[in-house]
Amino acid sequence: MKKIDICLSPDLIDQYDLSGTVVVVIDILRATSSITTAIAHGVNIIRPVETLGECRELKLNGFVGAAERNGKKVGGFDMGNSPLSYMNPDLEDTNIAITTTNGTITLKKSKGALQVILGSFLNYSAILTYLERLPCDVLLHCAGWKGKINLEDTLFAGAVVLGLKQMFEYDSDVPAMAAKLYKSAKDNLKSAIEDSSHYSRLMELGLEEDINFCLKFDEYKVIPVMKGDNISKLKLADMLF
Ligand code: MLT
């Protein structure tokens, strides 16, 4: 039976064999929410990079430059990491280079997987529908915060595990833990994450609207997928079944 597991932080990724596995990168507040929004609103490609220098270089070469550190937009770049800013129709058909505190590192550390896709509450059902039909193992890879585990990514991973019902065998105790956590929180996600460190950080930055949006289910049907160094919209030809 195909297996599912959850890696709660990119610092733990070396414990997992990614070969033959589809990895779902999760950074609810806000990288995978923002990137899903961007792809849904017609951005052509998104190039995730680890450093500000790489992002600046790409910006000098025709990319829109998006940079966030500790929840804030980095000066000198075109954008930060608010999903609401990625709805801008001026971004349609553009190429965006993005670097964030945790999300872009998590994407890089997922290299070696059979396929890397991006999950958020915004494309929850699309993710479930795709994973259900996969013939291979799945790893839900949470971005966390600077190597530490966070609440919101773990909750989303639990929601995915619950949504997949018994289609996958759990490869450790973490899927069961995350599923139980989500069950206890699902009736009011926002209040469930009020104790999350990043929730507090974003609230202090006046970004409650971002939080509200990132907790919405099924705003979009798109699935962002890594193809080479770029993220684009998963097409029929990219599907592994
Ligand atoms: C992250 O990379 O952890 C998040 O995207 C940070 C943020 O956008 O606030």
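Residues numbered from 1 in each chain as written. Predicted model: local features only at pLDDT ≥ 70, side-chain atom pairs only at ≥ 80, totals over all residues. Heavy atoms only, no water.

Undergrad: Account for the overall build of the chain, with residues named and values stated.
TA: If you tally the helices and strands in the chain, you get 9 helices and 11 strands. Expected size for 241 residues packed as a compact globule is a radius of gyration near 18 Å; at 16 Å, the chain falls within 12% of this value. Taking the principal axes of the C-alpha coordinates as reference, the chain spans close to 50 × 40 × 30 Å. The buried share among the 241 residues of the chain stands at 56%. Long-range contacts, defined here as pairs at least 24 residues apart, represent 78% of the contacts in the chain between residues at least 6 apart. Accessible surface, the chain as shown: approximately 10300 Å² in total, 50% of it carbon and sulfur. Distance between charge centres in the chain, computed from 26 positive and 31 negative side chains, equals 1 Å. (Helix = DSSP H or I, 4+ residues; strand = E, 2+ residues; numbered from the N terminus. Rg over C-alpha atoms; globule rule 2.2 N^0.38 Å. Buried < 20%, exposed > 50% of the residue type's maximum accessible area, 1.4 Å probe, protein only. Contact = heavy atoms within 4.5 Å. Areas by Shrake-Rupley, 256 points an atom, 1.4 Å probe, with all protein chains shown as cover. Lys, Arg positive; Asp, Glu negative; His and termini not counted. Charge placed at Lys NZ, Arg CZ, Asp CG, Glu CD.)

Undergrad: Break down the pattern of salt bridges for me, with residues and values.
TA: Summed over the entire model, instances satisfying the criterion amount to 9 salt bridges. Between Asp 11 and Lys 109 there is a salt bridge; the shortest N-O distance is 3.6 Å. Remark: Lys 109 occurs in the loop between helix H3 (103-108) and strand E7 (115-119) and Asp 11 occurs in the loop between strand E1 (3-7) and strand E2 (21-26); sequence separation between them is 98 residues. By relative accessible area, Asp 11 is classed as exposed at 52%. (Salt bridge = Lys/Arg side-chain N within 4 Å of Asp/Glu carboxyl O.)

Undergrad: Describe in detail the site of the ligand, supporting the description with residues and values.
TA: Close contacts around the ligand come from 13 residues, with Asn 81, Thr 100, Asn 102, Gly 103 and His 198 the closest. Here Gly 103 contributes a backbone N or O atom positioned 2.9 Å from an oxygen atom of the ligand. Residue composition of the shell around the ligand, grouped by class: 3 nonpolar, 7 polar and 3 charged. (Near = heavy atom within 4 Å. Polar contact = N/O pair within 3.5 Å; in protein donor to acceptor, adjacent residues only side chain to side chain. Nonpolar A, V, L, I, M, F, W, Y, C, P; charged D, E, K, R; others polar.)

Undergrad: Can you break down the side chain of Thr 94 residue by residue, with the values?
TA: In this structure, Thr 94 sits in the loop between strand E5 (72-73) and strand E6 (95-99). Sequence-distant contacts of Thr 94, that is, excluding residues within four places in its chain, are made with Val 43, Asn 44, Ile 45 and Val 64.

Undergrad: Can you tell me about unusual backbone geometry, naming the residues and giving the values?
TA: Along the chain, Leu 29 connects to Arg 30 via a cis peptide bond; the corresponding omega equals 15°. Along the chain, the position of Arg 30 falls in the loop between E2 and helix H1 (31-40). The phi dihedral of Asn 70 is positive, around 55°, even though this residue is not glycine. Relative accessible area serves as the criterion here: at 32%, Asn 70 is assigned to the partly exposed category. For Asp 93, which is not a glycine, the phi torsion comes out positive at approximately 65°. Positionally, Asp 93 belongs in the loop between E5 and E6. By relative accessible area, Asp 93 is classed as exposed at 62%.

Undergrad: I'd love a proper account of the nonpolar core, names of residues and values included.
TA: The tendency in soluble globular proteins is for nonpolar side chains to be buried side by side. Of all hydrophobic cores here, the largest spans 45 residues; its most connected members are Ile 6, Ile 117, Leu 131 and Leu 140. Every element with two or more residues in this core is listed here: E1, E2, helix H4 (124-133), strand E8 (137-142), helix H5 (151-163), helix H6 (174-185), helix H8 (197-204) and helix H9 (208-214). Leaving out residues up to four positions away in the same chain, Ile 6 has contacts with Tyr 16, Leu 139, Leu 140, Cys 142, Ala 157, Val 161, Val 174, Pro 175 and Ala 178. (Core = buried A, V, L, I, M, F, W, Y, C linked by side-chain atoms within 4.5 Å.)

Undergrad: Could you give me a rundown of the side chain of Ser 196, with the residues and numbers involved?
TA: Mapped onto the fold, Ser 196 is located in the loop between helix H7 (189-192) and H8. Taking relative accessible area as the criterion, Ser 196 reaches 3% and is therefore assigned buried. In terms of polar contacts, Ser 196 uses its side chain to reach the backbone amide nitrogen of His 198, at 3.2 Å. Those residues within four positions of Ser 196 in sequence are excluded, and the remaining contacts are Leu 151 and Glu 152.

Undergrad: Break down the packing of H5 against H6 for me, citing the residues and quoting the values.
TA: Taken N-terminus to C-terminus, the directions of H5 and H6 make an angle of 100°; their axes are 7 Å apart at the nearest point. The orientation of H5 with respect to H6, classified from their angle, is roughly perpendicular. Between H5, through Leu 151, Thr 154, Leu 155, Ala 157, Gly 158, Ala 159, Val 161 and Leu 162, and H6, the contact on the second element is made entirely by Pro 175, Ala 178, Ala 179, Leu 181, Tyr 182, Lys 183 and Ala 185. Considered class by class, the residues forming the contact of H5 with H6 number 12 nonpolar, 2 polar and 1 charged. (Axes fitted to C-alpha atoms, helices over the stretch in contact; angles between N-to-C directions. Parallel < 35°, antiparallel > 145°, perpendicular 65-115°, else oblique.)

Undergrad: Break down H1 for me, citing the residues and quoting the values.
TA: Summarising burial for H1: 9 of the 10 residues are buried, a large majority. For H1, the full list of buried residues reads Ala 31, Thr 32, Ser 33, Ser 34, Ile 35, Thr 36, Thr 37, Ala 38 and Ile 39. One or two steps after H1, the chain reaches Gly 42, where phi turns positive at roughly 95°.

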